[in-house]
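Here are the chains, one letter per residue:
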Amino acid sequence: MNNYCRYALHQIRVAIDSLVELVDCLEEHDLQQRPTAAKHSVGELLEHIATICRADFYIADGANQEEMATFYSTVSLISKEEIKEALLSNYTFLQERFMEFNEEELHMEITSYWGVTYSWYEWLVETTAHLYHHRGQLHSILVHCYGLDLNAQLFE
């Protein structure tokens, strides 16, 4: 595996591990909390976060809007355990796929259904940013909206 992919996957794993820690800080009823009426609940946000590794890979692999809608429609993560299992299994999925790429493949460009073009490596970087963005969003909601005292290590 390319060392840069290894490093990026390590940072994704750091995010995944800290997300599992954040989920462990919650009670099941916290998943129903909705800080803003028209926005996702904590559980819905976690469901989205749990799918990022797999969904972003599918997008990078050329999935169209209809295929992604079908994928998202099959996801239903209700409990903390389901969310944690999905975080870990979707990370493993991503890691295994990127371990298969050679240097040439990492430079191959793919255009998403909305028109942005990235190399496979850039899609991996985007996935990293996507995870950290939503992890920060979740952390802020839990601390500032619900006053939770989270004892989770967010960075190494």
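Scroll up for the structure.
Residues numbered from 1 in each chain as written. Predicted model: local features only at pLDDT ≥ 70, side-chain atom pairs only at ≥ 80, totals over all residues. Heavy atoms only, no water.

> Help me get a handle on the overall build of the chain, residues and values and all.
Regarding its fold elements, the chain presents six helices and two strands. Each helix and strand of the chain, ordered N terminal to C terminal, gives the series α-α-α-α-α-β-β-α. Taken against the 2.2 N^0.38 rule, which gives 15 Å for 156 residues, the C-alpha radius of gyration of the chain at 16 Å falls within 12% of a compact globule. Oriented by its inertia axes, the alpha-carbon framework of the chain measures out at about 50 × 35 × 25 Å. (Helix = DSSP H or I, 4+ residues; strand = E, 2+ residues; numbered from the N terminus. Rg over C-alpha atoms; globule rule 2.2 N^0.38 Å.)

> Which residues make up helix H1 (residues 3-24), and what values do they have?
The end-to-end C-alpha separation of H1 is 31 Å, in line with the 32 Å expected for 22 residues at 1.5 Å each. Among all positions in H1, only Cys5, Ala8, Leu9, Ile12, Val14, Ala15, Ile16, Ser18, Leu19, Val20, Leu22 and Val23 are buried. On the buried face of H1, the contacting elements are helix H2 (42-60), helix H4 (80-99), helix H5 (103-107) and helix H6 (120-145). For H1, the N-terminal cap is Asn2; the gap from its side-chain oxygen to the backbone nitrogen of Tyr4 is 2.6 Å. (Expected span 1.5 Å × (residues − 1). Buried < 20%, exposed > 50% of the residue type's maximum accessible area, 1.4 Å probe, protein only. Contact = heavy atoms within 4.5 Å. Polar contact = N/O pair within 3.5 Å; in protein donor to acceptor, adjacent residues only side chain to side chain.)

> How would you sum up the side chain of Arg135? Please name residues and give values.
Structurally, the position occupied by Arg135 is in helix H6. Notably, Arg135 is buried but unbridged: the nearest opposite-charge side chain belongs to Glu21, and the N-O separation is 8.3 Å. Not counting chain neighbours up to four residues away, the residues in contact with Arg135 comprise Val14, Ala15, Ser18, Leu19, Leu22, Ile49, Leu154 and Phe155. (Lys, Arg positive; Asp, Glu negative; His and termini not counted. Salt bridge = Lys/Arg side-chain N within 4 Å of Asp/Glu carboxyl O.)

> Just give me the short version of the packing of H2 against H4, but keep the residues and values in it.
The contact between H2 and H4 brings their axes to 8 Å, and the two run at 15 degrees. Comparing the axis directions of H2 and H4 gives the class roughly parallel. H2 and H4 meet at a crossing whose hand is left-handed. Residues Gly43, Leu46, Ile49, Ala50, Thr51, Cys53, Arg54, Phe57 and Tyr58 of H2 touch H4, and the partners they reach there are Ile83, Ala86, Leu87, Ser89, Asn90, Tyr91, Phe93, Leu94, Arg97 and Phe98. For the contact of H2 with H4, the per-class residue count stands at 13 nonpolar, four polar and two charged. (Axes fitted to C-alpha atoms, helices over the stretch in contact; angles between N-to-C directions. Parallel < 35°, antiparallel > 145°, perpendicular 65-115°, else oblique. Left-handed = near helix turned anticlockwise from the far one by under 90°. Nonpolar A, V, L, I, M, F, W, Y, C, P; charged D, E, K, R; others polar.)

> Break down the environment of His133 for me, citing the residues and quoting the values.
One can find His133 in helix H6. Relative accessible area serves as the criterion here: at 48%, His133 is assigned to the partly exposed category. For the pair formed by His133 and Ile49, sequence separation is 84 residues and the distance between their alpha carbons is 9.7 Å.

> Can you tell me about the pattern of salt bridges, naming the residues and giving the values?
By the definition in use, this model includes five salt bridges. Taking the shortest distance from any N to any O, the salt bridge between Asp24 and Lys84 comes out at 2.5 Å. Linking Asp24 in helix H1 with Lys84 in helix H4, this pair joins segments that are 60 residues apart in sequence. The exposure class assigned to Lys84 is buried, which follows from its relative accessible area of 13%. Of the charged contacts, one joins Glu81 and Lys84 as a salt bridge, the two residues approaching to 3.0 Å between their closest N and O atoms.

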